[in-house]
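# What the coordinates show
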Amino acid sequence: MSSKRKHGLIENIAEKLHLIPNLHNEVESELPRLTEPGQLTDYPPPDKWDDWVEYEATGWPRREAKNYMIVPTSCFNCEAGCGLLSYVNKETLEVRKFEGNPWHPASRGRNCAKGPATINQINDKDRILYPLKRKGKRGEGNWQRVSWDEVLDEIASRIRVTLKAGKNNEVAYHVGRPGHEGYMDRVLKAWGVDGHNSHTNICSAGARFGYAIWHGYDRPSPDHANAKFILLISAHLESGHYFNPHAQRIIEGMMNGAKLAVMDPRLSNTASMADYWMPTYPGSEAAVLLAMAKVILDEGLYNESFMKNWVNWQTYLKKEHPKIAVNFENFIGALKEEYKEYTPEFAEQESGVPAKMIIETAKQAGKAGTQLSTHNWRSAGSGNLGGWSVARCLHFLNVLTGSVGTIGGTSPSAWNKFKPNVFDSPPAVKFWNELHFPDEYPLAHYEMSQLLPHFLKEGRGKLSVYFTRVFNPVWTFPDGFTWIEALSDESKIGLHAALTPTWNETAYFADYVLPMGHSSERHDLISYETHSGLWIGFRQPVVREALRRMGKPVNFTYEANPGEVWEEDEFWIELSWRIDPDGSLGIKEHFISPYRKGEKIRIEEYYRHIFENTTGLPEKASEEGLTPLDYMRKYGAFEVETTSYNKHLAKLSKEELKSTEVDETNTIIKNGKAIGVMVHGTACSGFPTPSRKQEFYSQTIVDWGWPEYKIPVYIKSHIHEEKMDREKGEFPLLPTFRLPTLIHSRSSNAKWLTEISNRNPIWMHTSDAKKFGIKTGDLLRINTEIGYFIDRVWVTEGMKPGVVACSHHLGRWRRPHDEKGNRWATNLVDIQEVEKGKWKMRVLDGIRPYKSEDSDSSRIFWSDGGVHQNITFPVHPDPISGMHCWHQKVRIEKARADDKYGDLFVDTNKSFEVYKEWLKMTRPAPGPDGLRRPLWFNRPLRPVDEMYFIGKKQDN
Ligand code: SF4
């Protein structure tokens, strides 16, 4: 169908006057690929990037020509890692602006609002420019400037003493947004510590587990652009994971005729664009998905060939139906029987989504066949007890339709994610840190990071050196006051170093605050599963690179950065050398240049080695007479593979096939282990599971004590309707949704972004508001299990009745004695511990204009900084995936007489009790053979296999 339309008279005139682009040059249905040569009309061509002239916008009406050097880098404001072009003024070396990089294969020149707002962050007058050491007690807010030498020597000496004493488990590195490919794992391995901790269990571990239990890969990579039907759990068109790269491709898919269905209790911008908005009761998504699966089965819309070859159905039949013949027809019959109760009517009763819509979307999904793209990242997977089953049931639809790894289907993440070839790989560590992977959570997909302060409180261990890096648990995690208590206690955490570009609520409780660069002030290698290709992006310090091009190279990035802002890569190299000055700990040897014998590695050498060993990059670079490193410096990105489909069909080599046998399920066995699958006479590598197939039936789950979840089922959430006493004003609260313009606690120092979004009211449906006599703007007291917070209400038709929601971005704070930071977004608060463990916070003042070198700071017109809700939530660790289940059962009442907007109260004694209650739900290790975790389950910083067994001696 033609997408051309007739243009009006005014449009035609405006076009002729060049006031608007030429509308008659529209390309039918397909968006222009901005990376293709000849179509870079919106961007300066790369051959002019070393000397680009633009007129200064603020100079108008004068014509002030400015000379820029255009240097690519990568955005660090969310996980998508989109390409940016920085415009470095050649005279002043100031960065003037950031725009999209059309040579980036994922973002293709486009960005969301947060990309260009990087300029606010680097010019933020409140940012930290020098290393600081606390004076007085931790948390008192007194700081003194120190030298980097002092910082490095003191931290290195403490780590050295700790390692020499064999207390390797007392060194921990806790990361928020990693933003790099494996750099830190290598450092920690070199130190010999099982010290990696992350934010993943409060982020995406739930959905990851649901995917991993199917096929070993823990994230989806939907090929939206080529799909016929797109099914999203939550708001991925506007804000979810990889949303700018995804949004482009969802729209491309829709322009090519794909239908979009969105499950979300909230009428998000994404849902408003959808063909089907499915406002599920939170936690009921798996019920709807299984009802869709039932329709697909009953209608015969399943992909027999894929399922026959790639699902472990024979194992399922043998284990669960030993009396019937093992054939595919019986499997389908058994499946229909298993799911017969998941009728659309049952799903409607659980979810509130009309059965008719469930049937219609199921048929559409079934008819899309191999072109069904689906996505679940956080949302339902992160909100609910058993949330991991949402991803498991969603992927079931891909398995049924055979849309796993296909054009227009959904691939495993790893197929679209690059693995760098690093110059040196230290051996796996011989420690198992039970502060991160405790025996109670043997299947936890990532570290039980949210429980760390509780573990410390219980005396399970302590930390000698604790790094937090781009990580702000006091604000971002649940139960922030328990974090404050732990961070304030020097007997539990000996030294806390906060690596951060800007002040945050966790850094207030550090011993050292170490300023690290924003995205244009650091190196990183990045690669994400944004679409069906494979790419790498190079984040580089743009002023350093500009100086190099001008013939004025510097030795370290901090020499080109503002103040004494370091980049982490160089920090870890310097620190590692100082931990092991004489090489006796075996650490230093991992930080030696691969190009200069015995010399300390320089950061450009680290990346040079990776780029020289990236498939296709040396050849591509040589076409332009460049080295691979210079190619990446010039373009900032490289497409390793244009498309990456069906990698499970990779053929096994003759060598791999030596001494193998094929069993009756067509599985290829070598030394008792499955290594592949025979499909139509070809030996294929398959998926990284014990069966090498998609595991509909999970022996692992059975073996580890959860037989009720052996196949995909619906698990009722901890906020299921049955748990609500509506008469008492109880509601499920969704506290997780993202705003498109903000990102966790990271965007608070971007004035453009906080100007757009600066409050987080409670979304409530009109009918609920009417029932309670509430109107927009009224103050509500939201009671959680451990306290309450006071927020305003926004009454809207865009919320599912019976459910309330609150965006998690807002409510940043600082106390009067804290250093001023993020003043575009931080409320001034008073915090009092009124009794042991009973904490009160009151907002003393909101956002105010202030005088600074940035004249915009005196023009702040908003005063509302939002409300900090996360700190009033207890931990809710899912007993299987380990994911924090974010959704809350809350009791809503009108604010009391002395309640003020932003007030909150928390009792950490109660939060400890809630932690204990959830701990009781676990079914701890050991599993089979004395294992503390299934051997086939990977881990960040995977130790030697021996450490997977309980009771094995840890090395020292
Ligand atoms: S989606 Fe936006 S914030 Fe995320 S990397 Fe891209 S431009 Fe940056």
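Description of the structure in this document. (Residues numbered from 1 in each chain as written. Predicted model: local features only at pLDDT ≥ 70, side-chain atom pairs only at ≥ 80, totals over all residues. Heavy atoms only, no water.)

### Observations concerning the side chain of Asp-264
To keep things clear, this is the line we draw: Working definition: helices are DSSP H or I runs of at least four residues, strands are E runs of at least two. Numbering for both runs from the N terminus. To sort residues, take the accessible area from a 1.4 Å probe on protein chains only and compare it with the maximum for the residue type: under 20% means buried, over 50% means exposed, and anything in between is partly exposed. Positive charge is attributed to Lys and Arg, negative charge to Asp and Glu, and no charge count is given to His or to the chain ends. The working definition used for a salt bridge is a side-chain nitrogen of Lys or Arg within 4 Å of a carboxyl oxygen of Asp or Glu. Any N or O atom pair separated by 3.5 Å or less is treated as a polar contact, with the protein-specific requirement of one donor-capable and one acceptor-capable atom, and with residues adjacent in sequence counted only for side-chain atom pairs. Any pair of residues with heavy atoms lying within 4.5 Å of one another is described as a contacting pair.
Tracing the backbone through its elements, the reader meets Asp-264 in the loop between strand S11 (259-263) and helix H7 (269-273). The charged side chain of Asp-264 is buried without a salt bridge, its nearest counter-charge being Arg-266 at 4.4 Å. Within the structure, Asp-264 has its side chain in polar contact with the backbone nitrogen of Arg-266 (distance 3.0 Å). Ignoring sequence-local partners within four residues, the contact set of Asp-264 consists of Ser-234, Ala-235, Trp-277, Met-278, Pro-279 and Thr-280.

### Quick notes on the sheet that holds S11
Paired through their backbone hydrogen bonds, the strands of a sheet run either parallel or antiparallel. Applied cut-off: For two strands to be treated as a pair, DSSP must find no fewer than two bridges joining them. Axis lines are fitted through C-alpha atoms, for helices just across the contact stretch, and the angle between N-to-C directions can take any value from 0 to 180 degrees.
Read from one edge to the other, the open sheet built from four strands follows the order S12-S11-S10-S13, with strand pairing classed as parallel. Of all the strands in the sheet, just strand S12 (276-278) and strand S13 (372-376) have a single pairing partner and so form its edges. Strand-to-strand twist across the sheet, computed as the mean angle between neighbouring axes with direction ignored, equals 10°. In the sheet, strand S10 (residues 229-233) pairs with S11 via five bridges, with the strands oriented parallel. The residue bridging Leu-231 from the neighbouring strand is Ala-261, located in S11.

### Quick notes on the sheet that holds strand S15 (residues 463-469)
Taken together, seven strands build an open sheet; the order of strands is S6-S5-S17-S16-S15-S7-S8 and the sheet is mixed. Sheet topology places strand S6 (142-145) and strand S8 (196-197) at the edges, where each strand pairs with a single neighbour. Note that strand S5 (residues 132-135) and strand S17 (residues 512-515) share two bridges and pair antiparallel. Of the residues in S17, the one forming a bridge with Leu-132 is Val-513. Where helix H4 (residues 183-191) meets the sheet, its contacts fall on strand S7 (171-175), S8 and S15, and the angle it forms with S7 comes to roughly 175°.

### Quick notes on the site of the ligand
Rules: The rule for a residue being near a molecule or strand is that one of its heavy atoms must lie within 4 Å of it. Three residue categories are used. Nonpolar comprises Ala, Val, Leu, Ile, Met, Phe, Trp, Tyr, Cys and Pro, charged comprises Asp, Glu, Lys and Arg, and polar comprises the others, including Gly.
Taken together, Cys-75, Asn-77, Cys-78, Ala-80, Gly-81, Cys-82, Asn-111, Cys-112, Lys-114, Gly-115, Phe-243 and Asn-244 form the complete shell of residues around the ligand. Looking at the shell around the ligand residue by residue, the class counts come to six nonpolar, five polar and one charged.

### Some points on the nonpolar core
Within soluble globular proteins, side chains that are nonpolar generally end up buried alongside one another. Heads up, the condition is: Take the buried residues of types Ala, Val, Leu, Ile, Met, Phe, Trp, Tyr and Cys, join any two whose side-chain atoms come within 4.5 Å, and each joined set is a nonpolar core.
Counting residues in each nonpolar core, the largest one holds 80 residues, and the members touching the most others are Leu-289, Met-292, Phe-331 and Phe-696. Of the residues forming this core, the biggest block, 11 residues, is contributed by helix H8 (residues 285-298). With residues near it in sequence (within four places) discarded, Phe-331 still touches Met-307, Val-311, Trp-313, Tyr-316, Leu-317 and Phe-696. Leu-385, Ala-444, Phe-455 and Val-867 belong to the second-largest nonpolar core, a separate cluster that totals 68 residues.

### What about the pattern of salt bridges?
Per the stated rule, a full pass over the model turns up 77 salt bridges. Between Asp-524 and Arg-522 there is a salt bridge; the shortest N-O distance is 2.7 Å. Arg-522 shares its class with Asp-524; the two are buried. The closest approach of N and O atoms between Glu-893 and Arg-891, which form a salt bridge, is 3.6 Å.

### Description of helix H11 (residues 328-338)
Inclusion rule: Our arc is simply the arc of the directions from the helix axis toward the C-beta atoms.
What H11 keeps buried is the set Phe-328, Phe-331, Ile-332, Ala-334 and Leu-335. Axial view of H11: buried residues confined to an arc of 165°, hence all on one face. Residues of H11 that are buried sit in contact with H8, helix H9 (304-310), helix H10 (313-320) and helix H15 (388-401).

### Quick word on the pairing of S17
Side-chain alternation along S17 places Tyr-512 and Leu-514 on one buried face and Val-513 and Pro-515 on a second face that is also buried. Note: strand S16 (residues 493-500) against S17, four bridges, orientation parallel. Within the sheet, the bridge partner assigned to Leu-499 lies in S17 and is Leu-514.

### Some thoughts on unusual backbone geometry
Omega for the peptide link from Trp-60 to Pro-61 comes to 10°, which places this bond in the cis form. With respect to the helices, strands and loops of the structure, Pro-61 is situated in the loop between strand S1 (52-55) and strand S2 (65-74). In this structure, Leu-93 is a non-glycine residue whose phi angle is positive, near 65°. As for its placement among the helices and strands, Leu-93 is situated in the loop between strand S3 (83-89) and strand S4 (95-100). Although it is not a glycine, Asn-666 sits at a positive phi angle of roughly 70°. Relative to the elements of secondary structure, Asn-666 occurs in the loop between strand S21 (660-662) and strand S22 (667-670). With relative accessibility at 35%, the residue Asn-666 sits in the partly exposed group.

### Here's the deal with helix H6 (residues 243-255)
What counts here: In this analysis, the expected span of each helix is defined as 1.5 Å times one less than the number of residues it contains.
Taking 1.5 Å per residue, 13 residues should reach 18 Å; H6 reaches 17 Å between its end C-alpha atoms and fits that length. Most of H6 sits out of view: 10 of its 13 residues are buried. Turning to H6, its buried residues are Phe-243, Asn-244, Pro-245, His-246, Ala-247, Gln-248, Arg-249, Ile-250, Glu-252 and Gly-253. The positive-phi residue at the C-terminal boundary of H6 is Gly-257, with phi of around 110°.

### Re empty space enclosed by the protein
A probe matching the size of a water molecule, rolled over the atoms, marks out where space remains unfilled. The condition is simple: Note on definitions: the grid is 1 Å and covers protein atoms alone; a cavity is a set of points where a 1.4 Å probe fits but cannot get out; a pocket is an open set with protein on both sides within 12 Å along at least five of seven lines; lining residues have an atom within 4 Å of a point. Grid points are joined across faces, edges and corners, and a volume is the space filled by probe spheres set on the points.
Following the criterion strictly, the structure yields seven cavities of 30 Å³ or more and no others. Roughly 520 Å³ of internal volume is contained in the largest cavity. Lining the largest cavity are 33 residues, with Thr-476, Ile-743, His-744, Ser-745 and Arg-746 sitting closest to its centre. Its residues assigned to classes, the lining of the largest cavity comprises 11 nonpolar, 19 polar and three charged. Estimated volume of the second largest cavity: approximately 310 Å³. Around the second largest cavity, the lining is made up of 23 residues, and of these Ser-234, Ala-235, Ser-379, Thr-736 and Phe-737 lie nearest the centre. Taken together, the residues that form the lining of the second largest cavity break down as 10 nonpolar, eight polar and five charged.

### Thoughts on the side chain of Asp-218
Along the polypeptide, Asp-218 turns up in the loop between helix H5 (205-215) and strand S9 (220-222). The exposure class of Asp-218 is buried, given its relative accessible area of 12%. A polar contact of 3.0 Å, which involves the side chain of Asp-218, links it to the side chain of Arg-208. At 2.9 Å, the side chain of Asp-218 and the side chain of Arg-219 are in polar contact. Apart from residues lying up to four places away in sequence, Asp-218 is in contact with Ala-207, Arg-208, Tyr-211, Ala-212, Ser-413, His-445 and Tyr-446.

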